[in-house]
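If you want the building blocks of each chain, they are given just below.
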Amino acid sequence: MARILTGIQSSGQPHLGNLLGAIIPAIELSKNKDNQSLFFIADLHSLTSIKEADLIQAHTRAVAAAWLAFGFDIEKNIFYRQSRIPEVTELTWYLNCFTPIPMLQNAHSYKDKAGKLADVNAGLFTYPVLMASDILLYDAEFVPVGKDQQQHLEMTRDIAKSFNHHYGEEVFVIPEAKIDRNVMTIPGTDGQKMSKSYGNTIDIFQPDKKLRKNIMRIQTDSTPLEEPKNPDTCHVFSLYNLLATEQEAKAMRANYTGGNYGYGDAKQALFELVVNKYADQRKRYNELIANPQALEKALQTGEAKARDIGLGVLNRVRKVVGFR
Ligand code: ADP
Ligand code: TRP
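Residues numbered from 1 in each chain as written. Chains lettered and ligands numbered in written order. Predicted model: local features only at pLDDT ≥ 70, side-chain atom pairs only at ≥ 80, totals over all residues. Heavy atoms only, no water.

**As for the side chain of K267**
In this fold, K267 is placed in helix α12 (residues 263–277). In this structure K267 is buried but unpaired, with D221 as the nearest side chain of opposite charge at 9.8 Å. (Helix = DSSP H or I, 4+ residues; strand = E, 2+ residues; numbered from the N terminus. Buried < 20%, exposed > 50% of the residue type's maximum accessible area, 1.4 Å probe, protein only. Lys, Arg positive; Asp, Glu negative; His and termini not counted. Salt bridge = Lys/Arg side-chain N within 4 Å of Asp/Glu carboxyl O.)

**Notes on the site of ligand 1**
Taken together, 13 residues lie near ligand 1, and H15, I186, M194, S195 and K196 sit nearest. In this structure, a nitrogen atom belonging to ligand 1 sits 2.9 Å away from a main-chain N or O atom of I186. For ligand 1, whose free accessible area comes to 540 Å², the fraction covered by protein is 81%. A breakdown of the residues in the shell around ligand 1 according to their chemical character gives 4 nonpolar, 7 polar and 2 charged. (Near = heavy atom within 4 Å. Polar contact = N/O pair within 3.5 Å; in protein donor to acceptor, adjacent residues only side chain to side chain. Areas by Shrake-Rupley, 256 points an atom, 1.4 Å probe, with all protein chains shown as cover. Nonpolar A, V, L, I, M, F, W, Y, C, P; charged D, E, K, R; others polar.)

**Examining the site of ligand 2**
Neighbouring ligand 2 are 14 residues, the closest being Q9, Y127, M131, D134 and Q149. Q9 places a polar side-chain atom, nitrogen or oxygen, 3.3 Å from an oxygen atom of ligand 2. In the model, a nitrogen atom of ligand 2 is placed 3.1 Å from a nitrogen or oxygen of the Q149 side chain. A total of 360 Å² of accessible area belongs to ligand 2 in isolation, and the protein chains cover 88% of it. Secondary structure elements with two or more residues in the shell around ligand 2: β1 (2–9), β2 (35–42) and α7 (122–136). Residue composition of the shell around ligand 2, by class: 8 nonpolar, 5 polar and 1 charged.

**Let's talk about the packing of aromatic side chains**
Scanning all chains against the criterion turns up 18 aromatic pairs. On the numbers, 5.4 Å between centres and 65° between planes, the contact of F70 with Y278 is edge-to-face. In this pair, F70 sits in the loop between α3 (53–69) and β3 (78–81) while Y278 sits in the loop between α12 and α13 (279–289), placing the two residues 208 residues apart along the sequence. Using a relative accessible area of 5% as the deciding quantity, one classes Y278 as buried. Of the aromatic side chains, those joined through ring pairs into one cluster are F39, W67, F72 and F79. Sitting above the plane of the Y127 ring, K113 keeps its charged end 4.9 Å from the centroid. Looking at K229, its charged tip hangs above the ring of Y263, at a distance of 5.6 Å from the centre. (Phe/Tyr/Trp six-rings, centres within 6.5 Å; stacked < 30°, edge-to-face > 60°. Lys NZ or Arg CZ within 6 Å of the ring centre and 35° of its normal.)

**Describing the environment of F40**
Its place among the elements puts F40 in strand β2. Relative accessible area serves as the criterion here: at 3%, F40 is assigned to the buried category. Along the chain, F40 and T156 lie 116 residues apart, while their C-alpha atoms are 17 Å from each other. Filtering out sequence-adjacent residues up to four positions away, F40 remains in contact with L5, T6, G7, I8, Y80, Q82 and D134. (Contact = heavy atoms within 4.5 Å.)

**Side note on the pairing of β2**
In terms of residue burial, β2 counts as a mostly covered element, since 8 of its 8 residues are buried. The two faces of β2 match: N35, S37, F39 and I41 on one face and Q36, L38, F40 and A42 on the other face are all buried. With 8 bridges connecting them, β1 and β2 associate as parallel partners. Across the sheet, the residue bridging to I8 is I41, located in β2. Since β1 and β2 lie parallel, the crossover through helix α1 (residues 16–30) that links them has a hand, and here it is right-handed. Sheet analysis places β2 next to β3, joined by 4 bridges and oriented parallel. Across the sheet, residue F40 finds its bridge partner in β3, namely Y80. (Pairing = 2+ DSSP bridges. Right-handed = clockwise from strand over helix to strand, strands pointing away.)

Listed below in structure tokens is the structure:
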């Protein structure tokens, strides 16, 4: 059995890019009966950027509801909040003592954020050590992540190897990143990568009216209605194409190239596609958000299981470092 682990920060509302790029492919992977998946909400990591308790909680519920609405099986797998497993912070300390400062200074994500953010705190700097701890605490073998996280995974491997080498024992399992080169970057309403930091996201869980407005904001060029349009340079078409069946996409392409079909029509078709395709998931999401007790219960089921595994690994570490 392979153990798969991944986390998503609770730093905003989950959007279509998160769903298509991370949540849906991870759930597909978790359906393989030979895998056991640990998927968690990296709420401790989100504290590096979000300091409002209510906001962290709201985002945590939104991210949890998205995973569940898209069918993550929490009986077969393990679903939890990072902050509810205090063992992860103890392990972070041990790993800190095996992490060379220059390794952290070289992290792209830190350098990038340090140049942009007003709040450059030590949590942001040691972020990769907490991430290593997230992975090593559960003997994870495969970690599905986006390309932007590849360097963090390399650091995890280096820290684990250096620890194992020092104590002359295979205390930690050395994890492997699983980066799907085929998962494309989902464009946002302005055509750049869809991202919370660019304010260009599409939140499919909003009520119909707001979702429609959100989709109507997708930027298009000024080709007049009657003229043929190029589907390959249009962000509305790219999104439609990602969600539609082959036949639907073909028909839409013909609408574009045939003329007398406006961008407003294409946006309306995209809106209807999202609403129909994700009708069940949107309904389930809203039911979950309206029932925080059910969400809490779902998370707590996994938290008990995660702690059990984590404690086993942590005891191994406590023993070799000399605290047992
Ligand atoms: P954001 O850029 O909105 O802050 P995160 O960095 O929190 O998103 O990403 C969470 C997960 O969603 C990551 O695995 C990331 O690779 C994936 N993801 C985010 N945006 C996109 C996108 N536009 N296309 C594909 N995957 C994405
Ligand atoms: N840093 C990851 C991101 O921003 C989230 C994350 C935290 C994570 N801990 C992890 C991902 C452990 C995989 C494994 O997307």
